[in-house]
Structures are given as C-alpha cells and as structure tokens.
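The lines below spell out each chain.
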Amino acid sequence: AQMRQCFANLEAVAAAADTSLAHAIRMGVYLEPGTDLAEYNRVYRLLMTTDPAPARTTIFSPFPGFDVEIDAVCVLPK
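Values in this document were obtained by computation on a predicted structure and should not be read as measured data.

Nonpolar side chains in soluble globular proteins tend to end up buried together. In terms of nonpolar packing, the biggest core is built from 15 residues, with Met3, Phe7, Met27, Tyr44, Met48, Val68 and Ile70 touching the most fellow members. Elements supplying a minimum of two residues to this core: helix 1 (2-16), strand 1 (24-31), helix 2 (37-47) and strand 3 (68-74). Those residues in contact with Ile70 that sit more than four places away from it in its chain are Met3, Cys6, Phe7, Leu10, Met27, Gly28 and Val29.

Spelled out as structure tokens, the structure:
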C-alpha cells in the first residue's frame with residue numbers, strides 16, 4: 001500500500017511539472033531493512049511499466065513510520 005501511494009504521489013508531482021513517470025529517467029528507492037525484494041520487484045514492475053525502465057537504485061535504509069520512500073527524476077516532454 002505504501003509503495004502504491006508513493007507512485008501516486010510521484011505521478012501527482014510529475015503532473016504538476018507537466019511531465020509524468022513515463023518520462024522518468026532515474027528512480028531512487030529506499031526500503032525498510034528486511035523488505036521482501038521479490039515482492040518489491042513484482043509490485044515495482046506492476047506500477048512502473050515504461051520500456052525501457054528508468055535507471056534504479058535500491059537502498060535499504062530505515063525510515064521511522066515508512067516502509068518505502070521513492071524519488072524520481074523526470075524529463076520534460078517536448
């Protein structure tokens with residue numbers, strides 16, 4: 001649920017900048033230690049459907065109250 005909310009938040013911010021996650025070129029994902037990576041990757045592929053997918057860095061880092069935090073760099077479409 002938190003990952004889906006992260007993507008919804010990112011999409012809203014991208015839309016406010018006149019772009020979208022379809023124009024993402026890099027994503028940074030910060031996961032709570034102990035996260036099931038197979039499940040994380042499954043959900044990520046469901047939510048991030050662009051081809052090619054943006055470059056992605058995944059880091060385990062504890063954030064009190066959060067299981068996941070995501071940042072994205074998107075280009076502005078022409």
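Next, the rest of the story.
A negative phi angle characterises most non-glycine residues, just as the trans form characterises most peptide bonds. Cis geometry marks the peptide bond from Asp51 to Pro52, where omega comes out at 5°. If you trace the backbone, Pro52 turns up in the loop between helix 2 and strand 2 (55-60).

So, on to helix 1. Taking 1.5 Å of rise per residue, 15 residues should cover 21 Å, and helix 1 covers 21 Å from first to last C-alpha, within 8% of that figure. Within helix 1, burial applies to Met3, Cys6, Phe7, Leu10 and Ala14. Mapping the buried residues of helix 1 onto a view down its axis gives an arc of 95°, with all of them on the same face. Lining the buried residues of helix 1 we find strand 1, helix 2 and strand 3. Asp18 sits one or two residues past helix 1 and shows a positive phi near 65°.

Here is what the cut-offs are and how they apply
- Residues numbered from 1 in each chain as written.
- Predicted model: local features only at pLDDT ≥ 70, side-chain atom pairs only at ≥ 80, totals over all residues.
- Heavy atoms only, no water.
- Core = buried A, V, L, I, M, F, W, Y, C linked by side-chain atoms within 4.5 Å.
- Buried < 20%, exposed > 50% of the residue type's maximum accessible area, 1.4 Å probe, protein only.
- Helix = DSSP H or I, 4+ residues; strand = E, 2+ residues; numbered from the N terminus.
- Contact = heavy atoms within 4.5 Å.
- Expected span 1.5 Å × (residues − 1).
- Arc of directions from axis to C-beta.

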